[in-house]
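Single-letter residue listing:
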Amino acid sequence: MQQFLSVNDVADVSQLVEEAFLLKQNPWSHAHLGQGKTLGLVFFNPSLRTRLSTQKAAWHLGLHTLMMNINQEGWAIETRDGVVMDQAAGEHIKEAAGVFAQYCDLLGVRCFPSLVDREADYNETVMKKIALYSGRPLISLESATVHPLQSLADVMTIMEKRRRARPKVVLTWAPQVKALPQAVANSFAQWVLRTDCELVITHPPGYELNPSFTQGARIEHDQDRAFEGADFVYAKNWSAYEPYGAILSEDRSWTVSEEKMRRTRDGYFMHCLPVRRNLKVTDEVLDGPRSLVLNQALNRVYAAQVVLKRMLEHLR
Ligand code: CP
């Protein structure tokens, strides 16, 4: 594997998941693979799970890690080409990416969308520039449009917990108080549609995701009907794709509650975290026996590890 920017970089999702489970059983089985190599982790935005799970995965493979929190610890970065840099940004992405490449064999980058310029966000402008100017194998730690390491961990969790060959998976929009990216929802749909699952996406009218990510899923605007017979309910908020970045609803009747979960087939609750309690999901559901949020968090380690392993094998 040369890069991991989306599910499109994976030839066979089932094989990748199986390999991740082998690493989960024996995390130190390839402890020397990364010896003498350095993974750079570059964050333009905050993170808890991604930064810790990816470091732990790297550690299991014998990799050294270098971490950079751009905007907090580094110079503000200019990402546009051909501009006169007389504003706040003190360093251009061209040099910054080139410098990362001097110190690192592999790079992981997190860069959220602007939620203002849809074309730039959906063209993955920043990620593409880092790939171009660094020339290093690149892993998405969540980009403007997708979060593939999260989705891989989510698919692993579904495969571990499914009780029938073709489970019903429901991705439900849930309320929030600020505009959030579409990345986790896009990515979850894209990955689940590459597995043997039925996918239903439920949201208030107007929250349709970009159809290139959801082709093959059933869209249901009635959340109660969507939950009927579900094996897994995955809650996530996202802002509108059209008008881009808008909050169209804060309807708290979409909060996932125990009453709603009773419509499912004794279904599991999933969320990528962080989650706002009693806004997106009630305490009762999140703290209950059907909540898989910590299973998902644990699987983030082995999702990152299998990707790093395949990239290191390609480097050899
Ligand atoms: N789920 C996830 O990516 O968490 P962080 O934003 O904390 O990394």
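Below is a short write-up of the structure. (Residues numbered from 1 in each chain as written. Predicted model: local features only at pLDDT ≥ 70, side-chain atom pairs only at ≥ 80, totals over all residues. Heavy atoms only, no water.)

With respect to the layout of surface pockets
- In this structure, the largest pocket occupies an estimated 580 Å³ of space.
- Lining the largest pocket are 26 residues; nearest its centre among them are Phe-112, Leu-180, Lys-236, Leu-273 and Pro-274.
- Each residue belonging to the lining of the largest pocket can be placed in one class, and the counts come to 13 nonpolar, five polar and eight charged.
- Residue-level mapping places the lining of the largest pocket at the junction of two domains, with at least three residues from each of domain 1 (3–146 + 297–315) and domain 2 (150–295).
- Approximately 480 Å³ is the volume attributed to the second largest pocket.
- Lining the second largest pocket are 19 residues; nearest its centre among them are Thr-79, Phe-112, Ser-114, Asp-121 and Val-126.
- Of all the elements, helix H5 (residues 125–134) adds the most residues to the lining of the second largest pocket, at three residues.
- Its residues assigned to classes, the lining of the second largest pocket comprises 10 nonpolar, five polar and four charged. (1 Å grid on protein atoms, 1.4 Å probe; cavity = no way out; pocket = protein on both sides within 12 Å on 5 of 7 lines; lining within 4 Å. Points joined across faces, edges and corners; volume = space filled by probe spheres on them. Nonpolar A, V, L, I, M, F, W, Y, C, P; charged D, E, K, R; others polar. Domains from an automatic or database assignment. Helix = DSSP H or I, 4+ residues; strand = E, 2+ residues; numbered from the N terminus.)

Considering a nonpolar patch on the surface
- Taken together, Leu-66, Val-99 and Tyr-103 make up a surface patch of nonpolar side chains, about 290 Å² in accessible area.
- Under the relative-accessibility criterion, Val-99 is labelled partly exposed at 33%. (Patch = residues over 30% accessible without salt bridge, like charges linked within 9 Å, V, L, I, M, F, W, Y side chains within 5 Å. Areas by Shrake-Rupley, 256 points an atom, 1.4 Å probe, with all protein chains shown as cover. Salt bridge = Lys/Arg side-chain N within 4 Å of Asp/Glu carboxyl O. Buried < 20%, exposed > 50% of the residue type's maximum accessible area, 1.4 Å probe, protein only.)

Section: the sheet that holds strand S9 (residues 218–220)
- Read from one edge to the other, the open sheet built from five strands follows the order S9-S8-S7-S10-S11, with strand pairing classed as parallel. Among the strands making up the open sheet, the edge pair consists of S9 and strand S11 (268–270). Averaged over neighbouring strand pairs, the angle between their axes works out to 25 degrees when direction is ignored.
- Taken together, the five bridges between strand S7 (residues 168–173) and strand S10 (residues 232–236) define a ladder with parallel strand orientation. Looking across to S10, one finds that Leu-171 is bridged to Tyr-234. (Pairing = 2+ DSSP bridges. Axes fitted to C-alpha atoms, helices over the stretch in contact; angles between N-to-C directions.)

Remarks on the side chain of Ser-47
- When you line up the elements, Ser-47 lands in the loop between strand S1 (38–43) and helix H2 (49–60).
- A polar atom in the side chain of Ser-47 sits 3.3 Å from the backbone nitrogen of Thr-50. (Polar contact = N/O pair within 3.5 Å; in protein donor to acceptor, adjacent residues only side chain to side chain.)

A short note on H2
- Look at H2: 16 Å from first C-alpha to last across 12 residues, which is about the 16 Å you get at 1.5 Å a residue.
- Looking at H2, one finds that the buried residues are Arg-49, Thr-50, Arg-51, Ser-53, Thr-54, Ala-57, Ala-58 and His-60.
- In this structure, the buried residues of H2 make contact with S1, strand S2 (64–69), strand S5 (106–110), helix H6 (148–161) and helix H12 (293–315).
- Following H2 by one or two positions, Gly-62 adopts a phi angle in the positive range, close to 80 degrees. (Expected span 1.5 Å × (residues − 1). Contact = heavy atoms within 4.5 Å.)

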